[in-house]
Amino acid sequence: MPMSKVAEPIRRSEDFLVFGSPLIGDDEKREILDSLETGWLGTGPKVARLEREFRDYAEAGHAVAVNSCTAALHLSMLAAGIGPGDEVITTAMTFCATVNAIIHAGATPVLADVDPITSNIDPKQVEARITERTKAILPVHFAGRACDMDALVAIAKRRQLLLIEDCAHAIETTYKGKHAGTFGTFGCFSFYVTKNMTTGEGGMVLTPDEKLADRVKILALHGMSKDAWRRFSDEGYKHYYVVECGYKYNMMDLQAAIGIHQLHRIQKNWERRRDVWSTYQEELRDLPLTLPAPPEEGTRHAYHLYTVLIDSHQSRVARDQFITAMTGENIGVGVHYQSIPIHPYYQQRFGWRPEDYPNSFRIGQQTVSLPLSPKLTDRDVSDVIRAIRKTLKG
């Protein structure tokens, strides 16, 4: 008997579609070359420029550039005086960095479940977990969708709690005309390579309070006084003094050189991701998948992630089988995220059980993120859709 022919993958292996690949232009390359030629590789004028321009973009009071969103979260909690004996309530559906930053600050993370439709933290769950030890609420604008900030701000104000926003997915996100990251005491952003604007590795802290911004800046560079940052300018040498035990969390000019031009193209890149997001919504609606809900009225979605839910009872394909099949078609996909309580470390340290956070657990077992980048061509998007159809057809 003749052997059955194995179907060829949608794309050739050499054309593997890398999930989250950034779009880097000639402007970034020239800016990096300028840094190399001038010798400003570490923290210098380009970092200061990115801070000013990001502050103005977000219509915030003050901005401090750091080397990651994890650093931004950690420093924000330290600057706010959060530490041992305090509790911080955050979402069970997030990257581990959100929870780890709370632990690094010496505080205790307390998890709240998420809304089953938006994957954002449920304000009612937050309210139910407040104790006399609660010091702050740390919401995550998941996938670029704004949290219910009216409810969260009201809870924080009524219970006299700090509000620290994790905006790793939410650079362009707005809620009723106001930028994510400007509702609370701090807003923390990520410029990791897969984010909507990148510096390779990097982050930013926004705050309306100048004194808090100064403390973040001091903590980010070994605890050295503000004059330490001025040493990296061309204004002449300034002595520094160590005023507390800080960290090595500063951003370099080489990173800021990329970020400056990424920020300049933020609107254009957002429009492309919106178009890809809309194409997925239209072309996948007849398939046995749960697609993202439309953006809420009065909000601007950052379109950072396009997540679908794979229910094996509905699609007859398990989530991990779907991922394997898509990879076999040379399409890179992601998982954002398995719920926090599923990880062994947190189970052992805090006794968390996934089933105690049912919405986060279900989403974490079913979610898959499809490629969503301004670098995607129309053919790339078509290939993703064809690969999904092929995979679900079995």
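Our structure is the block above this text.
All of the points below concern the structure found in this document. From a predicted model like this one, the values you see are computed outputs, not experimental measurements.

### As for the overall build of the protein
Point 1. Along its length, the protein carries 15 helices and 12 strands.
Point 2. What you see for the protein is a C-alpha radius of gyration of 22 Å, in line with the 21 Å of a compact globule of 394 residues.
Point 3. Counting only C-alpha atoms, the protein reaches 85 × 55 × 40 Å along its principal axes.
Point 4. Looking at the protein alone, contacts between residues at least 24 apart form 71% of all its contacts between residues at least 6 apart.
Point 5. For the protein, the exposed area adds up to about 17600 Å²; of that, 51% sits on carbon and sulfur atoms.

### Description of the sheet that holds strand β8 (residues 186–190)
Point 1. The 7 strands lie next to each other as β1-β9-β8-β5-β4-β2-β3, forming an open sheet whose pairing is mixed. Whereas interior strands pair on both sides, the edge strands pair on one side only; in this sheet they are β1 (62–66) and β3 (108–112). The sheet shows a mean angle of 25° between the axes of neighbouring strands, direction not considered.
Point 2. Strand direction decides the pairing type here: β1 and strand β9 (residues 203–207), joined by 5 bridges, are antiparallel. By the bridge assignment, alanine 65 is partnered in β9 with methionine 204.
Point 3. Helix-sheet contacts for helix α6 (residues 149–159) involve β4 (134–138) and β5 (162–166), and the interaxial angle to β5 is about 150°.

### Some thoughts on the environment of alanine 92
Point 1. Inspection of the secondary structure puts alanine 92 in the loop between β2 (87–91) and α4 (96–104).
Point 2. Residue alanine 92 is classed as buried on the basis of its relative accessible area of 0%.
Point 3. Linking alanine 92 and isoleucine 342, residues 250 residues apart in sequence, is a C-alpha distance of 9.7 Å.
Point 4. Excluding anything up to four places from it in sequence, alanine 92 contacts Leu111, Ala112, Ser339, Ile340, Pro341, Tyr357 and Ser360.

### Focus: the packing of helix α3 (residues 69–79) against helix α7 (residues 210–220)
Point 1. Between α3 and α7, the shortest axis-to-axis distance is 9 Å and the interhelical angle comes to 120°. One element, α3, and the other, α7, form an angle in the oblique class. Crossing of α3 against α7: the hand is right-handed. Between α3 and α7, the residues in contact are Leu75, Leu78 and Ala79 and Leu212, Arg215, Val216, Leu219 and Ala220, respectively.
Point 2. Residues that form the contact of α3 with α7 fall into these classes: 7 nonpolar, no polar and 1 charged.

### A word on helix α9 (residues 253–264)
Point 1. For α9, spanning 12 residues, the distance from its first C-alpha to its last is 16 Å, which sits close to the expected 16 Å at 1.5 Å a residue.
Point 2. Counted residue by residue, α9 has 10 buried out of 12 residues, so it is predominantly covered.
Point 3. Every buried residue belonging to α9 is among Asp253, Gln255, Ala256, Ala257, Ile258, Gly259, Ile260, His261, Gln262 and Leu263, and all of these are buried.
Point 4. If you follow the buried residues of α9, they end up packed against α1 (26–38), α2 (45–58) and α10 (266–283).

### Quick notes on the packing of aromatic side chains
Point 1. Summed over all chains, the structure comprises 14 aromatic pairs.
Point 2. Measuring from centroid to centroid gives 5.1 Å for phenylalanine 54 and phenylalanine 189, while their planes differ by 75°, and the two rings are edge-to-face. Taken as a pair, phenylalanine 54 in helix α2 and phenylalanine 189 in strand β8 lie far apart in primary sequence, 135 residues in all.
Point 3. We classify phenylalanine 189 as buried; its relative accessible area is 1%.
Point 4. Ring centres 5.7 Å apart and planes at 35° place the aromatic pair tryptophan 270 and tyrosine 303 in the tilted group. Within this pair, whereas tryptophan 270 is found in helix α10, its partner tyrosine 303 is found in the loop between β10 (299–300) and β11 (306–309), the two being separated by 33 residues in sequence.
Point 5. Cluster of aromatic residues (ring-pair linked, three or more members): Trp270, Trp277, Tyr280, Tyr303 and Tyr306.
Point 6. Lying over the aromatic face of phenylalanine 183, lysine 178 brings its terminal NZ or CZ to 4.9 Å of the ring centre.

The rules behind each value
- Residues numbered from 1 in each chain as written.
- Predicted model: local features only at pLDDT ≥ 70, side-chain atom pairs only at ≥ 80, totals over all residues.
- Heavy atoms only, no water.
- Helix = DSSP H or I, 4+ residues; strand = E, 2+ residues; numbered from the N terminus.
- Rg over C-alpha atoms; globule rule 2.2 N^0.38 Å.
- Contact = heavy atoms within 4.5 Å.
- Areas by Shrake-Rupley, 256 points an atom, 1.4 Å probe, with all protein chains shown as cover.
- Pairing = 2+ DSSP bridges.
- Axes fitted to C-alpha atoms, helices over the stretch in contact; angles between N-to-C directions.
- Buried < 20%, exposed > 50% of the residue type's maximum accessible area, 1.4 Å probe, protein only.
- Parallel < 35°, antiparallel > 145°, perpendicular 65-115°, else oblique.
- Left-handed = near helix turned anticlockwise from the far one by under 90°.
- Nonpolar A, V, L, I, M, F, W, Y, C, P; charged D, E, K, R; others polar.
- Expected span 1.5 Å × (residues − 1).
- Phe/Tyr/Trp six-rings, centres within 6.5 Å; stacked < 30°, edge-to-face > 60°.
- Lys NZ or Arg CZ within 6 Å of the ring centre and 35° of its normal.

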